[in-house]
Amino acid sequence: MSERTGTGFHAARWDEPLIDEIGGEAGRGLLPPQVDEAIADAVGDVAAALPEGVRRESPPALPALPQHRVLRHFLRLSQMSMGFDVTADMMGTCTMKYSPKVHEYVARKPAFADVHPLQDPETLQGTLEILYRFNRMMCAIAGMDAFTFQPASGAQGIYTNACLIRAWHESRGEGEQRDEIITTAFSHPADAATPAVAGFRVITLMPGEMGFAEVDALRAAVSERTAGLMLTNPEDTGQYNPHIREFVDIVHEAGGLCAYDQANGNPLLGVVRAGDTGFDMCQFNLHKTFSAPHGAIGLGCAAVGVKAHLERFLPRPIVTFDGERYGLDHEPGDGIEKIRAFLGNVHAVLKAYAWVRSLGPEGLRAVAETAVLNNNYMLHHIRQIPGVSIPWPANTWPKLEQVRYSWEPLYEETGVASHDVMNRMVDFGVQHYMESHVPMLVPQPFTLEPGESLTIEEMDHVLDALRRIAGEARDVPDTVKSAPHGAAIRPVDGDVPNDPDCWAFTARAYRRKRGNWANVKRGAGGHGGGGYG
Amino acid sequence: MGDGFTHPYVPNAAPAPRRKLLDAIGVDDVTDLYAAIPEALRVEGLLDLPPALPGEQDLRRHLEETVARNRSCTGSWLNFCGAGCAQHYVPAIVDEIVHRGELLTAYGGGTYSDHGKNQALFEFQSLMGELVGMEVVSTPTYDAGAATGSAVLMACRIGGRSRVLVPESMSADRRAQLRGFTKPFATVETVARDPGTGLVDLADLRGKVSGETAAVVIESPGYLGPIETGAAEAAAIAHEAGALLIAGVDPISLGVLAAPADWGADLVVGDLQPLGIHMYAGGGNGGFIASRDEARFVAEYPSILFSIAPAPGNAPGFGFAWSTMERTSYDTRHDATDYTGTTQWIWGIGAAVYLSLMGPDGMAELGRGIMQRACYAAERIADLPGVAVPHLAQPFFKEFTVDFSATGKTVAAINRALLEAEIHGGKDLSGEFPALGQSALYCVTELHGAAEIERLVSALGEAVR
Ligand SMILES: Cc1ncc(COP(=O)(O)O)c(C=O)c1O
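Residues numbered from 1 in each chain as written. Chains lettered and ligands numbered in written order. Predicted model: local features only at pLDDT ≥ 70, side-chain atom pairs only at ≥ 80, totals over all residues. Heavy atoms only, no water.

### Focus on the overall build of chain B
Using the following cut-off: By definition, any uninterrupted DSSP run of H or I lasting at least four residues is a helix, any uninterrupted run of E lasting at least two residues is a strand, and each is numbered from the N terminus. Under the scheme applied here, a residue whose accessible area is under 20% of the maximum for its type counts as buried, over 50% as exposed, and between as partly exposed, the area being computed with a 1.4 Å probe on protein chains only. A contact between two residues is defined here by any heavy atoms of the two lying within 4.5 Å. For every accessible area listed, the method is Shrake-Rupley and the probe measures 1.4 Å; residues are considered covered only by the protein chains on display. Note on charges: Lys and Arg go in the positive column, Asp and Glu in the negative column, and His and the chain ends are not counted at all. Where a charge sits is defined by one atom per residue type, namely NZ (Lys), CZ (Arg), CG (Asp) or CD (Glu).
Assigned secondary structure in chain B consists of 14 helices and 14 strands. Expressed as lengths along the three principal axes of its C-alpha atoms, the size of chain B is roughly 80 × 60 × 50 Å. The burial tally for chain B puts 67% of its 465 residues in the buried class. Long-range pairs, those at least 24 residues apart, make up 67% of the contacts in chain B between residues at least 6 apart in sequence. By element, 50% of the accessible surface of chain B is carried by carbon and sulfur atoms, the whole surface being about 14,000 Å². Computed over 33 positive and 56 negative side-chain charges, the separation of the two mean positions in chain B equals 3 Å.

### Digging into the packing of helix α10 (residues 346-382) of chain A against helix α2 (residues 56-67) of chain B
Each pair of packed helices can be summarised by the angle the axes make with each other and by the distance between the axes. Worth spelling out the cut-off: The angle between two axes is taken between their N-to-C directions and runs from 0 to 180 degrees, where each axis is a line fitted to C-alpha atoms and a helix contributes only its stretch in contact. Each helix crossing is assigned a hand: it is left-handed if the near helix lies turned anticlockwise from the far helix by less than a right angle, otherwise right-handed if that turn is clockwise. Polar here means any residue outside two lists: the nonpolar Ala, Val, Leu, Ile, Met, Phe, Trp, Tyr, Cys and Pro, and the charged Asp, Glu, Lys and Arg; Gly therefore counts as polar.
Packing of α10(A) against α2(B) leaves a shortest axis separation of 10 Å and a crossing angle of 145°. Of the two elements, α10(A) crosses α2(B), and the hand of that crossing is right-handed. In contact with A:L350, A:Y353, A:A354, A:R357 and A:S358 of α10(A), α2(B) contributes B:L59, B:H62, B:L63 and B:V67. Tallied by class, the residues present in the contact of α10(A) with α2(B) amount to six nonpolar, two polar and one charged.

### Brief notes about the packing of aromatic side chains
For any pair of aromatic rings, geometry is given as the distance between the ring centres together with the angle between the planes. Counted only if it meets this: What counts as a ring pair is set by centres within 6.5 Å for rings of Phe, Tyr and Trp (its six-membered ring), and what kind of pair is set by the plane angle: stacked under 30 degrees, edge-to-face over 60, tilted for all other angles. Sitting over a ring, as applied to charges here, requires NZ of Lys or CZ of Arg to be within 6 Å of the ring centre and within 35 degrees of the ring normal.
If you walk through the whole model with that rule in mind, you get 31 aromatic pairs over all chains. When the ring of B:F318 is compared with that of B:F320, the centres are 5.6 Å apart and the planes differ by 75°; the resulting orientation is edge-to-face. For B:F320, a relative accessible area of 0% corresponds to the buried category. Both rings, one in B:F400 and one in B:Y442, keep their centres 6.5 Å apart while their planes meet at 25°; by these two values the pair is stacked. Of this pair, B:F400 sits in strand β11 (residues 399-403) while B:Y442 is found in strand β14 (residues 439-443), placing the two residues 42 residues apart along the sequence. Through a chain of ring-to-ring contacts, three or more aromatic side chains come together here, namely A:F134, A:F147, A:F149, A:F284, A:F290 and A:W355. A cation over a ring is seen here: A:R108 above A:Y105, with NZ or CZ 5.8 Å from the ring centre.

### Topic: the domain arrangement of chain A
Residues and elements named next belong to chain A. For the record, the criterion: For the domains described, the bounds stem from an automatic or database domain assignment. Buried area is calculated as the accessible area (1.4 Å probe) missing from two parts once they are joined, with the contributions of both summed. A pairing counts as a salt bridge when a side-chain nitrogen of Lys or Arg comes within 4 Å of a carboxyl oxygen of Asp or Glu. Counting of polar contacts relies on pairs of N or O atoms within 3.5 Å, with two restrictions inside protein: one atom must be capable of donating a hydrogen and the other of accepting it, and residues adjacent in sequence are counted only when both atoms are side-chain atoms.
Taken as a whole, chain A is organised into domain 1 (19-47 + 63-79), domain 2 (149-316 + 332-359), domain 3 (361-492) and domain 4 (493-533). With centres defined by C-alpha atoms, the gap from domain 2 to domain 3 works out at 28 Å. Each partner contributes to the interface: domain 2 provides 29 residues, whereas domain 3 provides 28 residues. Summing the contributions of domain 2 and of domain 3, the shared interface buries around 2,400 Å²; its carbon and sulfur component is 63%. Summed over the shared surface of domain 2 and domain 3, the number is one salt bridge. Two residues, D236 and R404, come together in a salt bridge whose shortest N-O distance is 3.1 Å. Where domain 2 touches domain 3, the interface holds 10 residue pairs in polar contact (both at pLDDT 80 or more). If one sorts the elements of the side of domain 2 that touches domain 3 by residue count, α10 sits on top with three residues. Here the side of domain 2 that touches domain 3 is composed, by residue class, of 17 nonpolar, nine polar and three charged.

### Quick look at the site of the ligand
For clarity, the cut-off: Throughout, near means a residue has at least one heavy atom within 4 Å of the molecule or strand.
Looking at the ligand, there are 17 residues lining it, with A:T93, A:D261, A:H287, A:K288 and B:T342 nearest. Lying at an intersection of chains, the ligand is approached by residues of chains A and B. Residue A:K288 places a side-chain N or O atom 2.5 Å away from an oxygen atom belonging to the ligand. In the model, an oxygen atom of the ligand is placed 2.5 Å from a nitrogen or oxygen of the B:T342 side chain. Protein contact buries 100% of the 390 Å² of open area that the ligand shows by itself. With three residues, helix α6 (residues 154-171) of chain A is the largest single contributor of residues to the shell around the ligand. Residue composition of the shell around the ligand, grouped by class: four nonpolar, 11 polar and two charged.

### What about the domain arrangement of chain B?
By the assigned domains, chain B splits into domain 1 (15-56), domain 2 (78-87 + 361-463) and domain 3 (92-355). If you average the C-alpha positions of domain 1 of chain B and of domain 2 of chain B, the two centres end up 56 Å apart.

### Observations regarding the side chain of B:R18
Secondary-structure assignment places B:R18 in helix α1 (residues 15-25). A distance of 2.9 Å separates polar atoms of two side chains, one belonging to B:R18 and the other to A:E369.

### Concerning the confidence of the model for chain B
When pLDDT drops low, the exact placement of atoms in the prediction is not to be read closely. Quick reminder of the rule: Per residue, pLDDT captures the predictor's confidence, and it can take any value from 0 to 100.
Across chain B, the average pLDDT comes to 96, with 99% of residues at 70 or higher. Overall fold confidence (pTM) sits at 0.97, and the ipTM for the predicted complex is 0.97.

### Let's talk about the packing of helix α6 (residues 144-159) of chain B against helix α7 (residues 172-182) of chain B
All names here are of chain B. The following threshold applies: Note that the term roughly parallel is reserved for angles under 35 degrees, roughly antiparallel for angles over 145, roughly perpendicular for angles of 65 to 115, and oblique for everything else.
Axis separation between α6 and α7 bottoms out at 9 Å; the angle between their running directions is 40°. Comparing their axes, α7 and α6 come out oblique. Here α6 runs over α7; the crossing is right-handed. For the pair α6 and α7, contact is made by A144, G145, A146, T148, G149, S150, V152 and L153 and by R174, Q177, L178, F181 and T182, respectively.

### So, the environment of A:T396
Residue and element names in this part refer to chain A. Turning to its location among the elements, T396 is positioned in the loop between α10 and β10 (403-406). Residue classification places T396 among the exposed residues on the basis of a relative accessible area of 70%. Distance in space between the C-alpha atoms of T396 and M210 is 8.8 Å, their sequence separation being 186 residues.

### Considering the pairing of strand β6 (residues 281-285) of chain A
Residue and element names in this part refer to chain A. Cut-off, in case you're wondering: A pair of strands is considered paired only if DSSP assigns at least 2 bridges between the two.
Here β6 lies mainly inside the structure; five of its five residues are buried. Burial along β6 is two-sided: the face carrying M281, Q283 and N285 and the face carrying C282 and F284 are both buried. Bridge count for strand β5 (residues 257-261) against β6 is three bridges, and the pairing is parallel. Bridging from a neighbouring strand, A259 pairs with M281 of β6. For β6 and strand β7 (residues 302-306), the ladder comprises five bridges, and the chain directions are antiparallel. By the bridge assignment for β7, M281 is matched with V306.

### With respect to the sheet that holds β7(A)
Residues and elements named next belong to chain A. Taken in spatial order, the seven strands make up an open sheet running β1-β7-β6-β5-β4-β2-β3, and their pairing is mixed. Both outer strands of the open sheet, β1 (146-148) and β3 (201-205), are each paired with one neighbouring strand and no more. On average, each strand axis in the sheet is inclined to that of its neighbour by 20°, with strand direction left out of account. Here α6 sits on the sheet and contacts β2 (180-184), β4 (226-232), β5, β6 and β7; the angle it forms with β6, its principal contact strand, is near 165°.

Listed below in structure tokens is the structure:
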């Protein structure tokens, strides 16, 4: 047990300086290859001959460190990070899970990593085969007719759906008229933001008494201006809207299309399919549900699936197969404009393909059921922690993959906020939790999604931490409010990053502005401890 | 699934823990937990998927056999195609760090749980800032095209204007990406390319800017290779009209080319892939946006920005926090003016490691060497009968166009012949820029020495004969 924290954990705490402040003798981290004499003799120093104003006069002020110091610096930084590989991360709405290492070893092979996107398709048969086969597999999983893997994240996938909706209505001469997208308050912010970026007006349905949007509210919202419905289900709250089929029918009757944000499709694999539910399109995050690593906020990939009537609008290129060879069709046709460079994050597709192959159909269903089971285990125990409440008490349905909880009773009783508990979590050696997306309709929220990877013992460890912190909030509230104590760093100032005179996004800005830090107005705080996805 | 299922990735699906969990929550069957889902919507039976390969060895063999069907750009093969995704050397330490599990499997952690990840991203922002000469750099965006699109919309909002000028020589894909993204808010027009020099036609630019122009985009090096020696003048023209200058740059060129801030750029965009990231058939791409540290610029960034933050009081130490999140859709949903989400952060960490290794001298030497190799290759290719490198007299960095029209051969035929020699040829421009005839875009980097260039030149010689 660590003396310092009393929690059995303390993080690596290297006090690692900014890399440009490491100092020491000027060193070299890597020497570029020598230029062959034949080349140098033939052309001379062409860079030196560049016109003034075009040529760089003094080299960029980058670190000058010997190789091992660069390695050590970044290794130390890695040790002060809490990826899923090293802790139980239950960050809600993020579907954290184990990313199998074997995938990394295959993806790193030169045959996969060192290929150019514009190579002749004849020389890309391996990558194209994976894209093609996974496309068919995703169609089976989602009940859709075709997929694209071009978008590089869930948000970009949802944006793609908004563009598909736009293209569909434009193709029918209703582009101007149908300018409204309907979403729900507990759908991910991307379900509201991306249609706005695609030019739509956004209508947000607020939750009713059961915690989800109601049929009547949707009926009141649809009109001849309705372009589509874009939502998450189960929502951020882990609550599946049982009226979903009716939602889809109402929007279809009004002439709109329906897009299902299945970023966190984890609880529904092999259980429910977007296609069977009537949706025209959907998207899955391969970096969440399908095990591709989250990459410290990216390398993502959204698999965007559509029904046949929308297939012609998918962005190009399309992977083709003639029974023998795989190819790429670049013909623009009716395709929407390109979303992401080239073919997208194909390494994420490889990893997702590998994961589905490893598990098979039975395994996917086991993933879904286990994610739901683990979540209900967490719920069962958390609801017994004094200080926690579960929103919408009238709703007694089991939750699916996650739950939005509330520390409101604890806060009322002790003044300890969810944010404080979150920071204290780190002292227990687990990744902090996600509070909530906006709108913050649940007071003092926290959102946990245990996923299918964790063992009972790992879940019990998180439960223990939550129980102990709730106890501390009563007995030693300052310990919680001044947390973290055993993390890589001590609490930092939440105001500086939000004050234009003080914020610094680069070391050069920091050197110029750090003198202002003494004058910063302390007030509202900020995202000091935050982080979410 | 009644009796459970054993698989290393799903421990609690096994019979014993599954029973234990069910008992703990007092439920008989997992299907009871799906009560909210109407029966009619549920899948009957199992999905129609290939059978499982649960053994790691079987899975690995299948995957390795499949990817082995690619002909990569390594081993006996050479690659001379760039066009937005370039093959450079990837230092071992970059691979080491981007595969560290603590980083690779991290995600939305915060100031305390992911301090190291945050610092690595802050170093990315800092080191890119040194390269481009700016004090604000965003966390990575999806790719250079997305960065350009977001920067264009930033400029529109900053200036309250909605017309944007981009070079005619911008890649067709990037123009499409930009057009699609900005369609609801901005009109994108092109500025002619001077066929004599291959550079942006400044007279055309002068004629097209107006009081409605929000931004002028100048790419240097341009997509077709040339260094825009008139970039400073283009910036002056934009500024006179009250427009912003958005510079598109190749960061690996900035050891030898002037920082865009020094020639008048207001916003800088580009792709970080050249900085030590494997190509992954384009999966290696990741963009960035940079600007001066002015509140009116910062307010319009759609992406997450890490600010360094002090310990409270006078305590030593620092950390990093997400700044001014109300700019982003995370905090304001559709009231935000762009969207954000997961992007390509791990490649940003890779780029930070790369720049730390290269250092000032490394970037200068590398840039100089690349220019020499590219120049040498271009001269050698131009010596081939019927083959022209039209803008050999103009400075270029690593890419240049080669015109095969006079050989009577198509680029497609030439590239097929090169494949026989295990060479991936340059990008065929005949569809993208028909005015250039049978031209291809070649890319030469530090991977190509005299021997590799010789192999290309002799294979080209054979192909055009
Ligand atoms: C339901 C849902 N939709 C969309 C997203 C956005 O995905 P990304 O972060 O990959 O852009 C998330 C991310 O957590 C999500 O949970």
